[in-house]
Amino acid sequence: MCGRIVQKSGPLDYVERIFPNPRRIFEDPAGPLYNIPPGARPMVMHRLAGDVELERQHWGWRPHNSKYLMSNARLDKILANAWPWKLLTTRGRILVPADGWYEWKPLADGPKPPKQPYYIHATDNAPLYFAALSNWRLSADKDEAHGFAIVTNDAAGGLIDVHDRRPVALPPDLALHWMDPEFPAAQALALLEHGLPETAFTWHPVRQEVGNSKYQLPDAIEPVPPMASA
C-alpha cells in the first residue's frame, strides 16, 4: 500500500523533470512536507482542464453512496475494469509527485507486533511520479467526494521484505502520457505495468516518530539504526 508520502522538493523541481522548460512559474505556499497521510491534501499534477496544473487535492476518494474512503487503488482491480475505478480511468488520471514514501515492517508475529518504519526513495534521489486516479471536477470542492487514490501494485525483489505492496511510480516519459487527457485510456492503463522496478529504489529505517503524521521535521527521512526484532 502507500500510506504516507514525502513532498520536500519545490513545485518547480517536480515540474521541470517532466517539462524541462515550463512556460510559467509554479508555486506552493505550504513548503516542504515530510509526512503526508491520507486525508491530507498533497500536491498533484494534472491536465484535467487542458493545461498543466499543480494544485492540492484530497488524498482519499469516497464514491457516491459508498462507506469506504479509498486512498489506494489496486492495479489488478483497475486492469480488470472493476468498480469503482472504471469510472475514473478515462477522465481522472493524475500524478502525485513525491520524493519517497514510508512503509512499516512488522518485527514479530502476532496481532499487534512492533513495526519498523522505512523510508523508500529513488536510488538517484530524483523525484517520483505516482500514478493516481482522481474524481476532480472544475470548481468542485476539494473534498473526499472529489479526491484521489494512488495506484498500487504487488512489491517484488527485496522491497517485498519491507511491504508486500508499493505505489506505481512512472518514469517521466510515461508520466507525461498518463496525465494526457487525449491519450487513449486503454493505452494509458497499459503504462501502469511499466512503472519503475524495485531495483530503482533504495530504503532505510527511520525514526518511530514518523508514525505520527504531525511529525514534519526534516530528520523524518534520515536513517537510524534498525529496531531489534522481537
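Provided above is the structure to which this section pertains.
These notes cover the structure that comes with them. Note that residues are indexed from 1 along each chain, following the sequence as it is written. With pLDDT at 70 or above as the cut-off, local features in this predicted model cover only qualifying residues; side-chain atom pairs require 80 or more to be listed or tallied, and sums for whole chains, interfaces and linings still use all residues. Just so you know, side-chain values use all the structure's heavy atoms and leave hydrogens and water out.

Regarding the side chain of Gln7
Move 1: A run of H or I in DSSP counts as a helix once it spans at least four residues, and a run of E counts as a strand once it spans at least two, with each numbered from the N terminus. Looking at the secondary structure, you find Gln7 in strand E1 (residues 4–7).
Move 2: Polar contacts here mean pairs of N or O atoms no more than 3.5 Å apart (in protein, one a potential hydrogen donor and the other a potential acceptor; neighbouring residues in sequence count only if both atoms are side-chain atoms). A polar contact is formed between the side chain of Gln7 and the backbone oxygen of Met43, at a distance of 3.0 Å.
Move 3: A distance of 2.7 Å separates a polar atom in the side chain of Gln7 from the backbone oxygen of Pro97.
Move 4: Not counting chain neighbours up to four residues away, the residues in contact with Gln7 comprise Tyr14, Gly31, Pro32, Leu33, Ile36, Pro42, Met43, Arg56, Val96, Pro97, Ala98 and Asp99. Contact between two residues is taken to exist if any of their heavy atoms lie within 4.5 Å; hydrogens are not considered.

Some points on unusual backbone geometry
Move 1: Between Trp83 and Pro84 the backbone carries a cis peptide bond, its omega angle lying at 0 degrees.
Move 2: Structurally, Pro84 can be placed in the loop between helix H2 (75–79) and strand E6 (93–98).
Move 3: Here the phi dihedral of Asn81 falls at roughly 60 degrees; this positive angle occurs in a residue that is not glycine.
Move 4: Turning to its location among the elements, Asn81 is positioned in the loop between H2 and E6.

Description of the layout of surface pockets
Move 1: Only protein atoms enter the calculation, which uses a 1 Å grid: trapped sets of points that fit a 1.4 Å probe without letting it out are cavities, open sets showing protein on both sides within 12 Å along at least five of seven lines are pockets, and any residue with an atom within 4 Å of a point is a lining residue. Grid points are joined across faces, edges and corners, and a volume is the space filled by probe spheres set on the points. There is about 210 Å³ of room inside the largest pocket.
Move 2: We call Asp, Glu, Lys and Arg charged. Ala, Val, Leu, Ile, Met, Phe, Trp, Tyr, Cys and Pro are nonpolar, and the rest, Gly among them, are polar. For the lining of the largest pocket, the residue count by class is five nonpolar, two polar and four charged.

A few points about the sheet that holds strand E8 (residues 115–122)
Sheet strands associate in pairs through backbone hydrogen bonding, adopting either a parallel or an antiparallel arrangement.
Move 1: Strands qualify as paired when DSSP identifies two bridges or more between them. With respect to topology, five strands assemble into an open sheet ordered E2-E1-E7-E8-E12, the strand pairing being antiparallel. Strands with a single pairing partner mark the edges of an open sheet, and in this sheet they are strand E2 (33–36) and strand E12 (201–205). Neighbour-to-neighbour, the strand axes of this sheet turn through a mean angle of 25 degrees, independent of strand direction.
Move 2: Where E8 and E12 come together, five bridges link them in antiparallel fashion. Residue pairing in the sheet places Ala122 in a bridge with Phe201 of E12. Every angle, taken between N-to-C directions, lies between 0 and 180 degrees, and every axis is a line fitted to C-alpha atoms, over only the stretch in contact when it is a helix.

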